[in-house]
Protein chains: 2
Amino acid sequence: MPFQPNQDDQKAINTIRTLALDTVNKANSGHPARFFQCNPSNPSWVNRDRFVLSNGHACALQYVLLHLLGYKVSIDDLKQFRQLDSITPGHPEVGVTPGIEVTTGPLGQGFANAVGLAIAQAHLGATFNKDGYPLFDNYTYMFTGDGCLMEGVSSEAASLAGHLKLGNLIAIYDDNQISIDGSTSIAFTEDVAKRFESYDWQVLHVERGDDDLKAIYEAIEAGRAEKLKPTIICLKTTIGFGSRDAGTHGVHGNPLKADDTVEIKKQFGFDPEQFFVVPDETKKIYGDIAARGAEAEKKWQATFDEYKGKYADEAADISRRLEGKLPDGWEKALPEFKPSDDAVASRKLSEVLLAKLSTVVPELVSGSADLTPSNLTRWKNAVDFQPKENGLGDYSGRYIRYGVREHGMGAIANGIAAYGPNLMIPAIGTFLNFVSYAAGAVRLAALSHLRVIWVATHDSIGLGEDGPTHQPIETVAHFRALPNCNVWRPADGNETSAAYYVALTSTHTPSILALTRQNLPQLAGSTIQNANKGGYVLHEVEGQADVTIVATGSEVAIAVEAAELLGKQGVKARVASLPCWEVFRAQSQDYKLSVLPDGAPIISVEAYTTMGWSEWSHAHVGIDTFGASAPAKAVYKKFGITGEDVAARSQKAIAHFKKLGHPVYSPVSHSFAI
Amino acid sequence: MPFQPNQDDQKAINTIRTLALDTVNKANSGHPARFFQCNPSNPSWVNRDRFVLSNGHACALQYVLLHLLGYKVSIDDLKQFRQLDSITPGHPEVGVTPGIEVTTGPLGQGFANAVGLAIAQAHLGATFNKDGYPLFDNYTYMFTGDGCLMEGVSSEAASLAGHLKLGNLIAIYDDNQISIDGSTSIAFTEDVAKRFESYDWQVLHVERGDDDLKAIYEAIEAGRAEKLKPTIICLKTTIGFGSRDAGTHGVHGNPLKADDTVEIKKQFGFDPEQFFVVPDETKKIYGDIAARGAEAEKKWQATFDEYKGKYADEAADISRRLEGKLPDGWEKALPEFKPSDDAVASRKLSEVLLAKLSTVVPELVSGSADLTPSNLTRWKNAVDFQPKENGLGDYSGRYIRYGVREHGMGAIANGIAAYGPNLMIPAIGTFLNFVSYAAGAVRLAALSHLRVIWVATHDSIGLGEDGPTHQPIETVAHFRALPNCNVWRPADGNETSAAYYVALTSTHTPSILALTRQNLPQLAGSTIQNANKGGYVLHEVEGQADVTIVATGSEVAIAVEAAELLGKQGVKARVASLPCWEVFRAQSQDYKLSVLPDGAPIISVEAYTTMGWSEWSHAHVGIDTFGASAPAKAVYKKFGITGEDVAARSQKAIAHFKKLGHPVYSPVSHSFAI
């Protein structure tokens, strides 16, 4: 039966408008759901519809809706909008507010997250649904504004979503023609509808988006009906509808004036003297939606119970994932290496690992931003995640072809991880240098506690001929500075296994694995257990050392070579490997001092900027300029990062500290956050 | 007369093909103009046509063309392709190879650079051209592949270019349907032509792009004729044309096999036993182009000489810019402040500065990514850079509305700066946190030595209610780690003047100015001269100090407050301000030690990650998590960054070092790159 909006619907909408108004005014700061399937009393029900507010600055409205739907967001919480430690912060944050699916605000991210959420549903549905058992069949709804659509990250995600034929994705475009600078006519005059048609989306229009509920309903209906295309509904709206400044950018980032608020409330039939009011009819509408959602979850649970009987293996897999557990014994798939094993590039070690892990960790879903043959992210016989219509794979596939879209890939992977924290684990590949293109998405993975694994190959000047445009210098320092982000730079096979071990078990932290193009020898002294600590002594000397050389990744073997040379020169050199600063930093002070002790200069070797190394070492061998285009060995030689050069530079550092003539203390106890 | 391609043209093209082949084969690494107005004997002639190879990995081809045209790129240089210190690196680098306009390789950047180059021409033309004196009327040609078009940064730039009606821009899209992962059908099935129509570009098609020279000529002709739209020519091509692997991704990143090379050369009528051959007919074609270009420059010079007589002021302005000089006495516009002056937010100080500088530095062109009222980047009465057809400004305007397109803005600004190193100086605004969206572009500005000034406001938790999604933590560390990038965090009015002074005089370095939303007091001890050194002592004590507190930006006033409190507690606390690490690092060792001396613990205070501070301080007050949404003062209190808290934390650090019981040495002499 077609939807006939009535007076109560209109009142409900006016309630949202006036509540949002009160919420924003209270903070003195800041900016229809009949289809929606959710159970506010269990926000983590796995088959709920997902809603993403990509223009996160409009979150007052979302908090109001969550309140009306019966999520644990009270009127008091609304009154604490944008106040310290409230659950109603200035932009939506997943984990802070019940019912928020992803953290938004940085424009364009939510759009791409929604594409990821839709991919996750499509994948889990194709993997687990059986005839009569549609365990995963939710929709993803996303609200987006002009700002999000101007951002490149949403263009990337939209193009891919169209290619993937994500019929489960419905975007509502709040076409209010206003951004912060004023009318969109000053910078954004493209034909958005036509652009989305070019991406192969279904494009629908609602001319009177402020009040034509019926047209909105019908458009959503049509969006749900279209199974082979994502849908965008272009909703012509008036910003600040009801305000005397409606339609201007003046209402974008500021609360309305007191008298304007009064007038709006009157206009919407509300008493301007009363605040935070919810009429009974409105309560009923949202109560009904919530009740329907609770019923739907109950029905889903019954379906799942039956499914367990018929499809025991699949059900066990789902249950395990929902419990947040990796499969028993999965870690046995991590290969161990002996020094006599062949030298192998860590990107190649990663390939072997992904292949092994793919068989024991079915939630692992790999992919690359069009660098598959370089990143080595695709295991043999992997099925591509593709719409089956294009004949290149199907939605049960676990390899995603992201195209040359690093930022989109990062934000989409965030959405995949956000679908359910343990239902899918995305691993995504590009060159380390181009993870920077996705900085906005990596940041949100860290802030949102999402387990996303970046397979970042070609991690230094060791990539050689591609030259300085492709050789990272600052990249690792950047992500080391990002809170809740583990940056790994494994030195050999065991360290690469450790990196994957910690990345997969860090359920609330993204990881960036910096991997080499060039071969690395298997080191004496490296073990998975050692590397799991983030840093350890690889090579010890007897008695008082003259120097400690600490290095990461491909430079550890160079440090070992330097230590050997120094030994021949009568200098006792210890070697420490520091594959992950963040994990090492979390060890005990005693342990850290045992790795990087007082008493002798500590020299670091890393083919990156020296910025940041003062935390661990006194003298830093690195590259504080850009790299160079030449075969890898020639570039290493140019920058003085060879065993011989490091030995010579170590001698220089030892001489410097001898000349100073006083004891040398480890930065571990002499430089710290307080 | 319409162009009639003849045999010589075909031979010229085959020469390029085979030379590119030899170039790539020699390096054993890598990939494979009749309109064009350039003077190879003077690559910096200002009115030359610009050519951008956005898919920079195809640079072998570009080097070959530069050689044929007579730029200082010899056959020997071609033979040194991708070798150490050659002028033919793996991707085109401006400043390394004569005739290269911008550094490309990171996909999508060149596309956006070309938009910037076209904006520069439009602006300079509108500013200086007079009837009969078209001093600036060059075209910008850009070659782009599928990879560039998948990147969001090119979408952003394309949308803006269409809005701006840049008829002087002609893109040639190498539609070879192949990217590294294989056919574009696996991830890139959008309708590119339709997308560019949606941006309001003229879209032209050449079906036989491999060999239909006439159609290509006519399309370029039509592109030049269209004055109100940029043009994209979709050229259907075959990757590895002539090779037996033509049309496959196998020929993308690898040299061809020896026998395949032989066959191709035969097929193109070349002796397979000879290498690096240029037939005379080909030499003539390119020689003619070069001669025509030299003639064109001569004519241009004559026009300019005449112009000097008629428009002396404008001519003097052009000459001054071409000489790379700022106007005499411009620096007098930099305001100085006394401690008794009002507390002002540094974004507001920046606004005052931009307004003053706009009147004396006409090459300064400002703009924002849709945050004008927040970044305060627009001076009163500024004219917007807009096509005059939309009635919102004209091309002589010096304020660019970039839209919500940070990455595009950064890459476009790089193109503006690259037009001529001193002809225009772009200042571009966004929130500091969102400079990260443009990381790829900032990196290329640094690598390419471009003077681009980022006006990065809302620079910390001090932005308050917008919360952790908008509060930078890692951003400044990221860009401090980037070579050749000056990051400024001024503490007050004098330091903001210094930041602009050094940014404008650093002709080969981009700058990021991190500016506050909140008010900052004018500090006693700050002067422009002091701050120009990047770091200095703001507050000295008599006799041996107990502690040095070093801070940046908004935290300097907090450090001063802490020092006062410590003084009352009998602790002698010095205060140093470090507005720009990069500039400070370049000072003499003695000077640095005078600011951060041995003998007492050094405590840093900065409302960011502590990562990196070990270079300067022993104990670091900072934020190694994400921020919080609340009024600024409440957030500062939450993270313990107030005068009182810093005093208490300093006491703790002093106690720590007392307990260690040995002298404390400055990191300046105890931690360094070696």
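Please read all numbers here as calculations on a predicted model, not as lab measurements. (Residues numbered from 1 in each chain as written. Chains lettered and ligands numbered in written order. Predicted model: local features only at pLDDT ≥ 70, side-chain atom pairs only at ≥ 80, totals over all residues. Heavy atoms only, no water.)

## Observations concerning the overall build of chain A
Then step 1. Within chain A, the secondary structure is distributed over 25 helices and 21 strands.
Then step 2. A compact globule built from 674 residues should have a C-alpha radius of gyration of about 26 Å, and chain A, at 28 Å, falls within 12% of that.
Then step 3. In terms of principal-axis extent, the alpha carbons of chain A reach across some 90 × 60 × 45 Å.
Then step 4. Accessible surface, chain A as shown: approximately 22200 Å² in total, 52% of it carbon and sulfur.
Then step 5. Across chain A, the centroid of the 62 positively charged side chains sits 3 Å from that of the 77 negatively charged ones. (Helix = DSSP H or I, 4+ residues; strand = E, 2+ residues; numbered from the N terminus. Rg over C-alpha atoms; globule rule 2.2 N^0.38 Å. Areas by Shrake-Rupley, 256 points an atom, 1.4 Å probe, with all protein chains shown as cover. Lys, Arg positive; Asp, Glu negative; His and termini not counted. Charge placed at Lys NZ, Arg CZ, Asp CG, Glu CD.)

## Quick look at the environment of A:Tyr608
Residue and element names in this part refer to chain A.
Then step 1. When you line up the elements, tyrosine 608 lands in the loop between strand E19 (602-605) and strand E20 (619-621).
Then step 2. Exposure remark for tyrosine 608: the relative accessible area of 1% places this residue in the buried category.
Then step 3. The spacing of tyrosine 608 and proline 472 is 136 residues in sequence and 7.1 Å in space, taken between C-alpha atoms.
Then step 4. In contact with tyrosine 608, other than residues within four places in its own chain, are Leu432, Asp459, Ser460, Pro472, Ile473, Val476, Arg489, Ala514, Gly622 and Ile623.
Then step 5. Within the local environment of tyrosine 608, its side chain forms a polar contact with the backbone oxygen of aspartate 459, the two atoms lying 2.5 Å apart. (Buried < 20%, exposed > 50% of the residue type's maximum accessible area, 1.4 Å probe, protein only. Contact = heavy atoms within 4.5 Å. Polar contact = N/O pair within 3.5 Å; in protein donor to acceptor, adjacent residues only side chain to side chain.)

## A short note on the UniProt feature "domain: Transketolase-like pyrimidine-binding" (unreviewed entry) in chain A
Then step 1. Mapped onto this structure's residue numbering, the UniProt feature "domain: Transketolase-like pyrimidine-binding" (unreviewed entry) falls at residues 344-522 of chain A.
Then step 2. The distance from the first to the last C-alpha atom of residues 344-522 of chain A is 8 Å, and the span holds 36% helix and 17% strand. (UniProt positions renumbered as here; feature names shortened; annotations may be inferred.)

## Side note on the interface of chain A and chain B
When the parts of a complex come together, some accessible area is lost, and that lost area is often used as the size of the interface.
Then step 1. Contact with chain A, which involves 113 residues of that partner, is made by 113 residues of chain B.
Then step 2. Taken together, the two surfaces of chain A and chain B that pack against each other cover about 9500 Å², and 59% of this comes from carbon and sulfur.
Then step 3. Between the two partners, chain A and chain B, sit 71 residue pairs in polar contact (both at pLDDT 80 or more).
Then step 4. Here the residues of the side of chain A that touches chain B sort into 45 nonpolar, 42 polar and 26 charged.
Then step 5. As paired strands, strand E21 (residues 672-673) of chain A and strand E20 (residues 619-621) of chain B are joined by two bridges and run parallel to one another. From the neighbouring strand, A:Phe672 faces E20(B), where its bridge partner is B:Ala619. (Buried area = accessible area lost by both parts, 1.4 Å probe. Nonpolar A, V, L, I, M, F, W, Y, C, P; charged D, E, K, R; others polar. Pairing = 2+ DSSP bridges.)

## Here we look at the relation of the copies chain A and chain B
Then step 1. In the superposition of chain A on chain B (RMSD 0.0 Å, axial shift 0.0 Å), the rotation amounts to 180 degrees. Between the two chains, the operation in question is that of a two-fold axis.
Then step 2. Most of the interface of chain A is mirrored in chain B, where 100% of its interface residues again form contacts. (Least-squares fit on C-alpha atoms with pLDDT ≥ 70 in both.)

## Notes on the domain arrangement of chain A
Residues and elements named next belong to chain A.
Then step 1. Segmentation of chain A into domains returns domain 1 (20-238), domain 2 (330-520) and domain 3 (535-670).
Then step 2. Between the C-alpha centres of domain 2 and domain 3 the distance comes to 27 Å.
Then step 3. Each partner contributes residues to the interface: domain 2 has 30 residues there, and domain 3 has 30 residues.
Then step 4. Between domain 2 and domain 3 the total buried area reaches about 2300 Å² when both faces are included, carbon and sulfur atoms providing 58% of it.
Then step 5. It is Ile473, Arg480 and Arg489 in domain 2 that bury the most area against domain 3; as a group they hold 33% of the surface buried on that side.
Then step 6. Linking domain 2 with domain 3 are two salt bridges.
Then step 7. Counting the contacts that link domain 2 with domain 3 gives 16 residue pairs in polar contact (both at pLDDT 80 or more).
Then step 8. Breaking the side of domain 2 that touches domain 3 down by element, the ones donating at least two residues are helix H17 (475-480), strand E13 (486-488) and helix H18 (493-505).
Then step 9. Considering each element in turn, the side of domain 2 that touches domain 3 owes the most residues, four residues, to H17.
Then step 10. Of the residues contributing to the side of domain 2 that touches domain 3, the split by class is 16 nonpolar, eight polar and six charged. (Domains from an automatic or database assignment. Salt bridge = Lys/Arg side-chain N within 4 Å of Asp/Glu carboxyl O.)

## Comments concerning the sheet that holds strand E16 (residues 536-539) of chain A
Then step 1. Strand order in the open sheet formed by six strands is E16(A)-E18(A)-E17(A)-E19(A)-E20(A)-E21(B), with mixed pairing between adjacent strands. Of all strands in the sheet, those with a lone pairing partner are E16 of chain A together with strand E21 (672-673) of chain B, marking the two edges.
Then step 2. One ladder, built from three bridges, connects E19(A) with E20(A); its direction is parallel. Residue pairing in the sheet places A:Ile603 in a bridge with A:Ala619 of E20(A).
Then step 3. Its contacts with the sheet place helix H20 (residues 555-568) of chain A against E16, strand E17 (547-551), strand E18 (573-577) and E19 of chain A, and it is angled at close to 160 degrees to E17(A). (Axes fitted to C-alpha atoms, helices over the stretch in contact; angles between N-to-C directions.)

## A look at the packing of helix H4 (residues 109-128) of chain A against helix H14 (residues 406-419) of chain A
Residues and elements named next belong to chain A.
Then step 1. In contact at an axis separation of 6 Å, H4 and H14 are set at 55 degrees when each is read in the N-to-C sense. For the element pair H4 / H14, the angle class is oblique. Between H4 and H14 the crossing geometry is right-handed. Between H4 and H14, the contacting residues are Gln109, Ala112, Asn113, Val115, Gly116, Leu117, Ile119, Ala120, Gln121 and Leu124 on the first element and His407, Gly408, Ala411, Ile412, Asn414, Gly415, Ile416, Ala418 and Tyr419 on the second.
Then step 2. Here the contact of H4 with H14 is composed, by residue class, of eleven nonpolar, eight polar and no charged. (Parallel < 35°, antiparallel > 145°, perpendicular 65-115°, else oblique. Left-handed = near helix turned anticlockwise from the far one by under 90°.)

## Considering the UniProt feature "site: Important for catalytic activity" (unreviewed entry) in chain A
All names here are of chain A.
Then step 1. With numbering aligned to this structure, UniProt lists the feature "site: Important for catalytic activity" (unreviewed entry) at His31 and His252.
Then step 2. Checked against the element boundaries, histidine 252 lands in the loop between strand E7 (231-236) and helix H9 (258-267).
Then step 3. Judged by relative accessible area, histidine 252 falls into the buried class, the value being 12%.

## Brief notes about the pattern of salt bridges
Then step 1. The full count for this structure, using the stated rule, is 66 salt bridges over all chains.
Then step 2. In this structure, A:Lys165 engages A:Asp200 in a salt bridge whose closest nitrogen and oxygen atoms are separated by 3.8 Å. In this pair, A:Lys165 sits in the loop between helix H6 (152-163) and strand E3 (169-175) while A:Asp200 sits in the loop between helix H7 (192-198) and strand E6 (202-206), placing the two residues 35 residues apart along the sequence.
Then step 3. The network of salt bridges with shared partners includes A:Asp181, B:Arg378, B:Asp384 and B:Arg401.

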